[in-house]
Each structure stands twice: as structure tokens, then as C-alpha cells.
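Okay, here's what each chain looks like letter by letter:
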Amino acid sequence: MRGAIVYLTQGLKHSSYGRDSLSLLTRSITLLYQNYNDRQRDDVLLFHGVPDVPEEVQRHVLRQCAKGTARFVRLASKHFEVPSGAGDPQTWALAKRFSVGYRHMIRFFTVGIWPLLEAMNYTHVMRLDEDSFIWSPIYYNIFEQVRARGLEYAFRLGVWERGMVGRSPNHFHDIIAAFAKRNGVTLNWLQNACVRARGEISDTFSVRHCGNMWIVYNNFFVTSIRFWRQPNVSAFLQYIDRSKTIYTHRYGDALWHTAALAIFLDPERFGMLDDFAYEHVTAY
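About the criteria used
- Every chain is numbered on its own, with residues counted from 1 as its sequence reads.
- Only residues with pLDDT of 70 or above have their local features reported here, since the model is predicted, and side-chain atom pairs are shown and tallied only from 80 upward, although totals for entire chains, interfaces and linings are computed over all residues.
- Think of the side-chain values as coming from all heavy atoms in the structure, minus any hydrogens and water.
- Salt bridges are counted wherever a side-chain nitrogen of Lys or Arg sits within 4 Å of a carboxyl oxygen of Asp or Glu.
- Counting from the N terminus, the helices are the DSSP runs of H or I reaching at least four residues and the strands are the DSSP runs of E reaching at least two.
- Only protein chains enter the accessibility calculation, which uses a 1.4 Å probe; a residue whose area is less than 20% of its type maximum is buried, one above 50% is exposed, and one in between is partly exposed.
- Side-chain atoms within 4.5 Å link the members of a nonpolar core, which is a set of buried Ala, Val, Leu, Ile, Met, Phe, Trp, Tyr and Cys residues.
- Two residues form a contact once any of their heavy atoms are found within 4.5 Å.
- Any pair of nitrogen or oxygen atoms within 3.5 Å is treated as a polar contact; in protein, a donor-acceptor pairing is required on top of that, and neighbouring residues in sequence qualify only through side-chain atoms on both sides.
- Only the contacting stretch of a helix is used when fitting its axis, a line to C-alpha atoms as for every element, and angles between N-to-C directions run 0 to 180 degrees.
- Angles are sorted into four bins: roughly parallel if under 35 degrees, roughly antiparallel if over 145, roughly perpendicular if 65 to 115, and oblique for all others.
- Crossing handedness is read from the near helix: turned anticlockwise from the far helix by less than a right angle, it gives a left-handed crossing, and turned clockwise, a right-handed one.
- Three categories are distinguished: nonpolar for Ala, Val, Leu, Ile, Met, Phe, Trp, Tyr, Cys and Pro, charged for Asp, Glu, Lys and Arg, and polar for the others, with Gly belonging to the last.
- The seven residues ending at a residue and the seven starting there each receive a fitted axis; the angle between those axes is the bend at that residue.
- A strand pair is defined by DSSP finding two or more bridges across the two strands.

**So, the pattern of salt bridges**
Now for step 1: Enumeration over the complete set of coordinates arrives at nine salt bridges.
Now for step 2: Ionic pairing is found between Arg147 and Glu144, a salt bridge with its closest N-O pair at 2.9 Å. Remark: Glu144 and Arg147 occur in helix α4 (residues 142-148); sequence separation between them is three residues, near one turn of the helix.
Now for step 3: Judged by relative accessible area, which is 47%, Arg147 ranks as partly exposed.
Now for step 4: The class of Glu144 is partly exposed, set by a relative accessible area of 38%.
Now for step 5: Salt-bridge contacts for Arg226 lead to Glu152; the nearest nitrogen and oxygen are separated by 2.8 Å. With Arg226 in helix α7 (residues 225-229) and Glu152 in the loop between α4 and β6 (153-155), this residue pair connects regions lying 74 residues apart in the sequence.
Now for step 6: Salt bridges sharing common partners tie together Arg127, Asp129 and Asp253.

In C-alpha cells form, the structure reads like this:
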């Protein structure tokens, strides 16, 4: 087993929120090493792209890390290109609130990260954001813990998020239902909350029958790469990518992670890590 802790970094300022990304990343990295990685020495990969993170910023961040454990990795330009058919960014849902770069981030953590890390010979990945803070000590190796528990995916927090933007409240649900019908797969525990009027389980995946979704709050997750590289899961991810809704509707990676896990993963292989203090601060 070979695990990596990953960040997707962006230099000095956040592309959507305009906040001080460097100071947040410095705090996140400092807490990561103080409470975990000074002992465990897992690889830390700080992905970056267009524009490049300046070398002086890279040096500043790496000074917070145990020597030889962290490095910046420049991503290929394809991770920062709007896919053909996504239309005019000015027409996208929430265009003024969420930048093109933010949607590139969603696509990276939904589709792009898995083949990249597989090619780098990693078997597992843990994600943190610049505003992800580990506040208490973790005395075990997270990757070993996940393997010992037989988990393919572990998370720290859950959140309720609506899977719709714009005029059609069922749009996200319809995308998922269409994939299931087209490929002859069941939605499994994605339908656990779906009921008819009499309280019976519904086979109609819609907001009316199922409500909006409880999802993994995936600014922190730990997962095996092999789950996401399975042919059926890869087909689902490519279906998502072809829909262009990451860009046009800003459907986030947390929604897609949750849908994929619910459809394709045995619930016994999915679990929470709840024995350390964690905070995600969406600071504007």
C-alpha cells in the first residue's frame, strides 16, 4: 500500500472567494504535520497548474513540512481546460459566484485525480483543502487504519446539499436515474431515503420521493484508487464528464462521490473517521 495526501493549490488568492489562500494553506499544512505527518511521514502532493504557484510561495509552504515528505506537482494543462460543449461560461449556473477554476477543481476531484495517482503508483489518497484543519493528534497511520477496517472510502463529516440548480428541481436526480436505466444498474443505498406516500420504498429517484441528498463532505476523504478505476465506476465518471454539468450546473464533487459510492460500493466498505477534531472553513 502506498498513500498520498493531496492538496489542489492556487497560490496567493482563491479564484472564487478572493481570500488569502497562502495563509490558509500554511495553517492547514502546519496543523497536518503537527498533529499527524511529523510522525507518519506520508507523501504530500501539492498539485498546481495555471497560473503556476510562484517558486517563493512553494518554498514558503515546504518549509512547514518535514524534509523530503512534500513536493509541488504541476498538473498538465488538460486539467484546466473547459471541455468542448460546455457553452459560454457567462451562461453557467452561479457564474458570478463560482469561477471557471472552481469548476476545474470539481472536475479534478471527480474525474481527473484517479488515473493520475494510479500512474504515480499510489494505491490510496487522502484529500485536504487549504481551509482543512486537523486540530487534534492522530496517533495511527490513516491509510493503514482504512485498510485494517476494510474500507474503500472514509470521510469525516456529512452534509445536506441540494442536487439542483435552476428551473428543474429533478435535474440532478434525472441524470443519475438515466445512467442507471441505460446501464441496467440499481441505485442501491442511494434510494434508502426514497419513499412513497404510504412510507414504502420508492423505485422513482426524484426530489419528490427522495428529497435532496445527504452527502460526504469531501474536502476530507480517504479512498482507494482501485475503487474509482473499476470499469463500472469509470464508466459512471465518464458519463458525468460528458454531461458537462460540473461546468454548466456547478454540480459538485461531493454529490458525484456520494452517488458513485451509493451505487457501486458495499456500505460495509464505507465509513467515518470520527476520533479526531477536524474543521473545514469556507472563509470569504
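**Description of the nonpolar core**
Now for step 1: The biggest cluster of nonpolar side chains holds 58 residues, and the ones touching the most others in it are Leu117, Ile176 and Phe236.
Now for step 2: With nine residues, helix α10 (residues 253-264) is the single largest residue contributor to this core.
Now for step 3: Sequence-distant contacts of Phe236, that is, excluding residues within four places in its chain, are made with Ile176, Phe179, Trp256, Ala259, Ala260, Ile263 and Phe264.
Now for step 4: Counting 32 residues, the second largest nonpolar core, distinct from the first, contains Val61, Ala66, Phe220 and Phe276.

**Some words on the side chain of Ser234**
Now for step 1: Structurally, Ser234 can be placed in helix α8 (residues 231-243).
Now for step 2: The exposure class of Ser234 is buried, given its relative accessible area of 18%.
Now for step 3: Among the polar contacts listed, one links the side chain of Ser234 to the backbone oxygen of Trp228, at a separation of 3.3 Å.
Now for step 4: Sequence-distant contacts of Ser234, defined by excluding residues within four places in its chain, comprise Trp228 and Arg229.

**Describing the packing of helix α5 (residues 171-183) against α8**
Now for step 1: Closest axis-to-axis distance for the α5/α8 pair is 11 Å, and the angle between their directions is 135°. By the angle between their directions, the pair α5 and α8 is classed as oblique. Seen from above, α5 lies across α8 with right-handed handedness. In this structure, α5 contributes Ile175, Ile176, Ala178, Phe179 and Arg182 to the contact, and α8 contributes Ala235, Phe236 and Tyr239.
Now for step 2: Across the contact of α5 with α8, the residue classes tally to seven nonpolar, no polar and one charged.

**Side note on unusual backbone geometry**
Now for step 1: Positive phi values are uncommon outside glycine, yet Leu94 reaches one of about 55°.
Now for step 2: You can see Leu94 is positioned in the loop between β3 (70-74) and α3 (100-119).
Now for step 3: A positive phi is found at Asn121, a non-glycine position, where the angle reads about 70°.
Now for step 4: In this structure, Asn121 sits in the loop between α3 and β4 (124-127).
Now for step 5: The exposure class of Asn121 is exposed, given its relative accessible area of 58%.

**Looking at helix α1 (residues 21-40)**
Now for step 1: The largest bend along α1 reaches roughly 60° and is located at Tyr33.
Now for step 2: The distance from a side-chain oxygen at the start of α1 to the backbone nitrogen of Leu22 is 3.3 Å, and the residue carrying that oxygen is Asp20.
Now for step 3: In the segment just after α1, Arg41 is the residue with positive phi, at about 55°.

**Observations concerning the sheet that holds strand β9 (residues 221-224)**
Now for step 1: Pairing in this open sheet of seven strands is mixed, and the strands run β3-β2-β1-β4-β9-β6-β10 from one edge to the other. Two strands in the sheet have a free side with no partner beyond their single neighbour: β3 and β10 (270-272). Neighbour-to-neighbour, the strand axes of this sheet turn through a mean angle of 20°, independent of strand direction.
Now for step 2: When strand β1 (residues 3-8) meets β4, the two strands line up parallel, connected through four bridges. Counterpart to Ile5 in the pairing with β4 is Met126.
Now for step 3: Across the sheet, α3 lies against β1, β2 (43-48), β4 and β9, angled at about 150° from β1, the strand it touches most.

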